[in-house]
Amino acid sequence: MKTLPLSQQLEQLKESLLSERQEGAPLEGLLRRAGKMVIEELLQGEVADALGRESYERRENQAPAGYRNGYKTRRVKTGEGAITVEVPQVRGREDFASRLWPLIKQASPALEKMVIEMYARGLSTRDIEELLKTLSPEELEGRPLLSRSAVSEVTDALLEEHNAFVERDLAGHDVVYLFADAVFESLRAQGCRQAILVTWGICIDGAKVLLHLSVGNKESADAWTEHFRSLVKRNMKSPLTITTDGAPGLIKAAEGMWPESSRIRCWFHKMKNVLEKVPENMHGPIKALLQDVREAPDHATGEKRARELIRDYGQTLPAAMACLEEDLQASLEHLKLPLAHRKCVRTTNLCERSFVEERRRAKVIPRFRSEQECMKLVYASLIRASARWQRVRFTTFEKESLKEYIEKQRKLGKQARDLLPAA
């Protein structure tokens with residue numbers, strides 16, 4: 001059966017419109033169907049010109065080679081939403097490629113990229129819809145280039161990026177210093193705050209890398225263990241150090257997964273916790289003494305200064321000194337590292353700065369509708385923040401020294417894990 005000419009299809013569409021409008025049907029559906037017909041007719045005409053015959057016509061002896069070979073379903077985004085188009089395929093003509101189809105779609109990639117970047121930089125789908133409405137030509141009569149639902153569909157590309165990101169191989173990242181922290185976001189469906197567990201790393205070449213992010217309903221040991229296990233499965237080698245805050249579940253998971261790695265307690269959180277237990281009139285002197293411990297030239301000196309501080313103020317500020325003594329060895333581990341690296345490793349500021357940027361962008365969405373919506377925005381924010389991170393300088397001597405020490409640590413860790421019972 002022959003395909004109806006475009007004129008007859010439009011006549012049928014007109015009759016359909018008159019009927020639907022009497023029943024109160026919206027105009028948008030008509031415009032999408034009309035657009036679909038026009039695009040498909042143009043593509044069919046291009047194929048007919050290339051083959052020298054219409055559909056269902058026999059090929060004459062002198063006609064060009066090739067024949068029609070079905071259709072591929074494609075989508076074109078328009079001001080009225082996405083249109084599904086059947087694009088005709090041709091076999092037997094290696095030199096044939098549609099010139100119309102790229103032109104029909106050429107505006108979409110640029111528009112989609114602009115929409116994704118606006119979304120990642122903190123505009124809500126409603127904001128983007130309103131902005132595109134102001135950019136629309138007069139013929140659209142104030143309608144947006146993309147509706148809010150279409151914007152949401154476009155930004156789903158971020159979710160696809162995220163899915164590829166969390167499954168990528170990590171063998172190419174020789175991580176020396178690992179950082180782990182979590183950011184919490186509200187989900188409407190669950191009616192609670194959801195933890196997004198995040199890990200970063202500084203590699204032996206000095207690059208700062210966002211490694212992984214996953215969802216955990218809380219910062220439990222099980223959630224963090226599953227998060228770290230994903231890194232190991234994807235071929236990330238044991239880091240030299242792991243910087244964490246004081247979350248018990250995170251500490252347990254990190255020490256269980258990499259017992260050979262040194263754990264560093266974040267000094268930003270440590271000092272904050274200690275000073276919260278110090279009277280305000282003593283903040284200045286105690287903060288200076290804590291900084292003196294943190295800036296010690298080596299581990300032995302740092303431990304000596306910490307013990308003296310605890311002894312001198314143990315009676316006056318027992319709660320504060322007990323807080324300092326808790327996990328003290330982890331707080332001093334950064335003093336065993338090269339002097340140039342201590343400042344960037346002793347805190348989770350690498351994580352916290354990224355979270356500040358993420359929260360700034362997420363504040364336009366007080367409560368995410370779904371976990372997927374949450375993840376695509378958090379991922380978009382963090383991956384773009386990581387692109388601006390500056391490298392850490394590793395000298396040739398530092399690289400060689402660290403590599404040798406790390407290899408010894410990894411061998412010890414592998415031996416320890418081999419002795420553990422299978423999970």
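Attention in this report is confined to the structure presented alongside it.

What counts as what
Residues numbered from 1 in each chain as written. Predicted model: local features only at pLDDT ≥ 70, side-chain atom pairs only at ≥ 80, totals over all residues. Heavy atoms only, no water. Helix = DSSP H or I, 4+ residues; strand = E, 2+ residues; numbered from the N terminus. Contact = heavy atoms within 4.5 Å. Areas by Shrake-Rupley, 256 points an atom, 1.4 Å probe, with all protein chains shown as cover. Axes fitted to C-alpha atoms, helices over the stretch in contact; angles between N-to-C directions. Parallel < 35°, antiparallel > 145°, perpendicular 65-115°, else oblique. Left-handed = near helix turned anticlockwise from the far one by under 90°. Nonpolar A, V, L, I, M, F, W, Y, C, P; charged D, E, K, R; others polar. Buried < 20%, exposed > 50% of the residue type's maximum accessible area, 1.4 Å probe, protein only. Phe/Tyr/Trp six-rings, centres within 6.5 Å; stacked < 30°, edge-to-face > 60°. Polar contact = N/O pair within 3.5 Å; in protein donor to acceptor, adjacent residues only side chain to side chain. Salt bridge = Lys/Arg side-chain N within 4 Å of Asp/Glu carboxyl O. Expected span 1.5 Å × (residues − 1). Arc of directions from axis to C-beta.

## Regarding the overall build of the chain
Part 1: In terms of regular secondary structure, the chain is built from 17 helices and 7 strands.
Part 2: At a minimum sequence separation of 6, the contacts of the chain that also span at least 24 residues come to 63%.
Part 3: Summed over all atoms, the accessible surface of the chain reaches about 23,000 Å², with 51% contributed by carbon and sulfur.

## Topic: the packing of helix H9 (residues 267-275) against helix H10 (residues 283-294)
Part 1: Running from N to C, H9 and H10 cross one another at 150°; their axes reach a closest spacing of 11 Å. If you check the angle between H9 and H10, you find them roughly antiparallel. Judged by the sense of rotation from one axis to the other, the crossing of H9 with H10 is right-handed. Here Trp 267, Met 271, Val 274 and Leu 275 of H9 lie close against H10, whose contacting residues are His 283, Ile 286, Lys 287, Leu 290, Gln 291, Val 293 and Arg 294.
Part 2: Tallied by class, residues from the contact of H9 with H10 come to 7 nonpolar, 2 polar and 2 charged.

## As for the environment of Ser 331
Part 1: One can find Ser 331 in helix H13 (residues 328-332).
Part 2: Given the relative accessible area of 0%, Ser 331 is considered buried.
Part 3: Placed 38 residues apart in sequence, Ser 331 and Val 293 show a C-alpha to C-alpha distance of 9.7 Å.
Part 4: Beyond its immediate chain neighbours, meaning those up to four positions away, Ser 331 contacts Arg 265, Trp 267 and Lys 270.

## With respect to the packing of aromatic side chains
Part 1: Under the definition given, this model contains 2 aromatic pairs.
Part 2: Aromatic side chains Phe 228 and Trp 258 sit 5.0 Å apart centroid to centroid with 55° between the ring planes, which places their arrangement in the tilted category. Here Trp 258 lies in the loop between helix H8 (248-257) and strand E7 (262-265) and Phe 228 lies in helix H7 (residues 221-233), a separation of 30 residues in the sequence. For the pair formed by Phe 228 and Trp 258, the shared burial category is buried.
Part 3: By the ring-pair criterion, three or more aromatic residues cluster together here, those being Trp 224, Phe 228 and Trp 258.

## Looking at the side chain of His 212
Part 1: Topologically, His 212 is positioned in strand E5 (residues 208-216).
Part 2: Of the residues examined, His 212 reaches a relative accessible area of 5% and is grouped as buried.
Part 3: A distance of 3.1 Å separates polar atoms of two side chains, one belonging to His 212 and the other to Arg 234.
Part 4: Excluding residues within four positions of it along the chain, His 212 makes contact with Phe 165, Val 166, Leu 197, Val 198, Thr 199, His 227, Ser 230, Leu 231 and Arg 234.

## Side note on the environment of Glu 46
Part 1: The topology assignment puts Glu 46 in helix H2 (residues 27-51).
Part 2: In sequence terms Glu 46 and Pro 88 are 42 residues apart; their C-alpha atoms lie 9.6 Å from each other.

## So, the pattern of salt bridges
Any two side chains of opposite charge can pair, so long as their charged atoms come close to each other.
Part 1: Counted under the stated rule, the structure contains 9 salt bridges.
Part 2: Linking Asp 327 and Arg 263 is a salt bridge whose minimum nitrogen-to-oxygen distance equals 2.7 Å. Note that Asp 327 is positioned in the loop between helix H12 (318-325) and H13 and Arg 263 in strand E7, a separation of 64 residues in sequence.
Part 3: Asp 327 is the partner of Arg 265 in a salt bridge, and the nearest nitrogen-oxygen pair spans 3.3 Å. Pair noted here: Arg 265 is in strand E7 and Asp 327 is in the loop between H12 and H13, with a separation of 62 residues, a long-range link.
Part 4: For Arg 265, a relative accessible area of 7% gives the class buried.
Part 5: A residue is classified by how much of its surface remains accessible, and Asp 327, at 22% relative accessible area, is partly exposed.
Part 6: Salt bridges sharing partners connect three or more residues here, namely Glu 255, Arg 263, Arg 265 and Asp 327.

## What about H10?
Part 1: If you check H10, its first and last C-alpha atoms are 16 Å apart, about what 12 residues at 1.5 Å a residue would give, namely 16 Å.
Part 2: Turning to H10, its buried residues number three or more, namely Ile 286, Leu 290, Val 293 and Arg 294. The buried residues of H10 occupy an angular sector of 100° when projected down its axis, which confines them to one face.

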